[in-house]
Amino acid sequence: MAVEAYYRPTTLEDALDLTAEYTSSIEIISGGTITMAEINEGHKFPRYVMDLRELDLDYAEEGDGYLSLGATLTMAQVLDQIDEPMLQKAARHTGGWAVRNMGTVGGNLFAPPPLGDFAVALLALDADVTIRNRDGDRRIPLSDFYTTSGEQAINSDELVTEIRIPTVEGQTVYMKYTRSQEPAPSIVTVAVNLQYRDDTVTDVCICLNGAGSHPMRMRNAEEILLGSELDEPILNRAADVAAKTADPPEDAIASKWYRRKMVRHHVSNALDQFTNAENKQ
Ligand SMILES: Cc1cc2nc3c(=O)[nH]c(=O)nc-3n(C[C@H](O)[C@H](O)[C@H](O)COP(=O)(O)OP(=O)(O)OC[C@H]3O[C@@H](n4cnc5c(N)ncnc54)[C@H](O)[C@@H]3O)c2cc1C
């Protein structure tokens, strides 16, 4: 089936009219690095396609205690415009240059596992997502955007327009582990945001990519660290729990068994970086 119509709206209102009219029969393209591959390889046959790139949603703004990223901001624009260390690192580890020039922040939220290397950093930074349809908008925590079935909590008449990140309070560590030299898909990616006071962990967010059907927050592992000193037995227990809780995908890159082992190893490694005196507040 050939594409019957390719839309490139210039206002959000027009774009939302199109999603309301065509709902799930319109294919949305932000940077197109996932969708175009699916169309070209014959996995998708959309009748209607809508490109979001003329909507002026490629902004990065700071204010009111938040960094706000428009959904069509590309990874290359993140690298140019944003100083936040974890977001810088996550953008640098998402594909190669060609992919970073096109691939967007919004599109990364929809990347199938084990992709989603930017989204996992957003999750660790407690980001929220603004979702709009013709009737208005709603804002939900990114952790609620991913449902247990692996789908995203968005209706077919809606678009993601913005991702907001509160001012980062803690220290962060981001590590992407791949089978070969990058650019390469993740075996496991670990993003941790941790606050430490008087030798005690006061707040922590441990997020993993490659450990489930979407980027996941490992709350069971976090509970072990909260209120504890970050010593070796504690961080090893947290890493054990993360590995037990993980339900990694199996693919040509890595087996489920191997990914689980790597979750254990890399969560432990990531937490170990906070035991360095320089990281303590
Ligand atoms: C060679 C190659 C290497 C890659 N390496 C990596 C990697 O290392 N790590 C990684 O995480 N990813 C990787 N990717 C995947 C991809 O490039 C990134 O995940 C990118 O951020 C996806 O963004 P996009 O804008 O191109 O998505 P698109 O292809 O434009 O969109 C993907 C999906 O998201 C939906 N969507 C997009 N934006 C919106 C919106 N605003 N509202 C509602 N729905 C929307 C679309 O319906 C579509 O189904 C790679 C891709 C390629 C081709």
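Before going further, it helps to examine the environment of Val188. Within the secondary structure, Val188 sits in strand β10 (residues 186-197). Spatially, the C-alpha atoms of Val188 and Gly227 are 27 Å apart, while their sequence positions differ by 39 residues. In this view, Val188 contacts Met175, Lys176, Tyr177, Leu208, Asn209, Met262, Val263 and His266; residues no more than four positions away in its chain are not counted.

Here we come to the site of the ligand. If you check the shell around the ligand, you find 30 residues, and the closest are Ser30, Gly31, Thr33, Thr104 and Asp117. A distance of 3.0 Å separates an oxygen atom of the ligand from a polar backbone atom of Gly95. Note that a nitrogen atom of the ligand is positioned 2.9 Å from one of the backbone N or O atoms of Val160. For the ligand, the protein covers 84% of the area, taking 980 Å² as the surface of the free molecule. Within the residue set of the shell around the ligand, elements represented by two or more residues are β2 (26-29), α6 (105-108) and β8 (159-166). Here the shell around the ligand takes three residues from β2, the largest share from any one element. For the shell around the ligand, the per-class residue count stands at 13 nonpolar, 13 polar and four charged. Taken domain by domain, the shell around the ligand gets at least three of its residues from each of domain 1 (5-51) and domain 2 (60-166).

Locating Glu222 in the fold gives a position in helix α9 (residues 219-225). Sequence-distant contacts of Glu222, that is, excluding residues within four places in its chain, are made with Val204, Cys205, Ile206 and Arg217.

This part covers the domain arrangement of the protein chain. Parsing the protein chain into structural domains produces domain 1 (5-51), domain 2 (60-166) and domain 3 (171-279). The straight-line distance from the C-alpha centre of domain 2 to that of domain 3 is 20 Å. Each partner contributes residues to the interface: domain 2 has 23 residues there, and domain 3 has 28 residues. Buried area between domain 2 and domain 3, summed over both chains or domains, comes out near 1,900 Å², and the portion from carbon and sulfur atoms is 64%. The interface formed by domain 2 and domain 3 includes one salt bridge. For Lys176, the salt bridge identified is with Asp117, shortest N-O distance 2.8 Å. Linking domain 2 with domain 3 are ten residue pairs in polar contact (both at pLDDT 80 or more), by the criterion used here. Within the residue set of the side of domain 2 that touches domain 3, elements represented by two or more residues are α4 (85-92) and α7 (119-124). If one sorts the elements of the side of domain 2 that touches domain 3 by residue count, α7 sits on top with five residues.

All right, on to the pattern of salt bridges then. Scanning the model with the defined rule gives 15 salt bridges in all. As a salt-bridge pair, Arg47 and Glu4 come within 3.1 Å of each other at their nearest N and O atoms. One end of the pair, Arg47, is in the loop between α2 (35-40) and β3 (48-51); the other, Glu4, is in the segment before β1 (5-7), with 43 residues separating them in the sequence. Note on Arg47: relative accessible area 35%, which makes it partly exposed. The salt bridge partner of Asp51 is Arg53, with a shortest N-O separation of 2.8 Å. We classify Arg53 as partly exposed; its relative accessible area is 34%. If you follow the salt bridges from partner to partner, you end up with Arg8, Asp51, Arg53 and Glu54 in one network.

What follows covers a negative patch on the surface. A surface patch of like charges, here negative, comprises Glu229, Asp231, Glu232 and Asp272. Considering the arrangement of structural elements, one finds Glu229 in the loop between α9 and α10 (232-245). A relative accessible area of 48% means that Glu229 is categorised as partly exposed.

To continue, consider α4. All of the buried residues in α4 are Met86, Leu87, Gln88, Ala90 and Ala91. Here α4 starts with a cap whose side-chain oxygen sits 2.9 Å from the backbone nitrogen of Met86, and that cap is Glu84.

The next subject is the pairing of strand β4 (residues 60-63). Pairing of β4 with strand β5 (residues 66-70), which is carried by four bridges, proceeds in the antiparallel orientation. Within β5, the position partnered with Glu62 by the bridge is Leu67. Remark: two residues form the turn of the hairpin made by β4 and β5, two consecutive strands paired antiparallel; Asp64 in that turn has positive phi of roughly 55 degrees.

Packing of α10 against helix α11 (residues 256-272) brings their axes to within 8 Å, and their N-to-C directions diverge by 150 degrees. Handedness of the crossing formed by α10 with α11: right-handed. Within the contact between the two elements, α10 uses Leu235, Asn236, Ala238, Ala239, Asp240, Ala242, Ala243 and Lys244 and α11 uses Arg260, Val263, Arg264, Val267, Ser268, Leu271 and Asp272. Grouping the amino acids of the contact of α10 with α11 by side-chain chemistry returns eight nonpolar, two polar and five charged.

Cut-off values and rules
Residues numbered from 1 in each chain as written. Predicted model: local features only at pLDDT ≥ 70, side-chain atom pairs only at ≥ 80, totals over all residues. Heavy atoms only, no water. Helix = DSSP H or I, 4+ residues; strand = E, 2+ residues; numbered from the N terminus. Contact = heavy atoms within 4.5 Å. Near = heavy atom within 4 Å. Polar contact = N/O pair within 3.5 Å; in protein donor to acceptor, adjacent residues only side chain to side chain. Areas by Shrake-Rupley, 256 points an atom, 1.4 Å probe, with all protein chains shown as cover. Nonpolar A, V, L, I, M, F, W, Y, C, P; charged D, E, K, R; others polar. Domains from an automatic or database assignment. Buried area = accessible area lost by both parts, 1.4 Å probe. Salt bridge = Lys/Arg side-chain N within 4 Å of Asp/Glu carboxyl O. Buried < 20%, exposed > 50% of the residue type's maximum accessible area, 1.4 Å probe, protein only. Patch = residues over 30% accessible without salt bridge, like charges linked within 9 Å, V, L, I, M, F, W, Y side chains within 5 Å. Lys, Arg positive; Asp, Glu negative; His and termini not counted. Charge placed at Lys NZ, Arg CZ, Asp CG, Glu CD. Pairing = 2+ DSSP bridges. Axes fitted to C-alpha atoms, helices over the stretch in contact; angles between N-to-C directions. Left-handed = near helix turned anticlockwise from the far one by under 90°.

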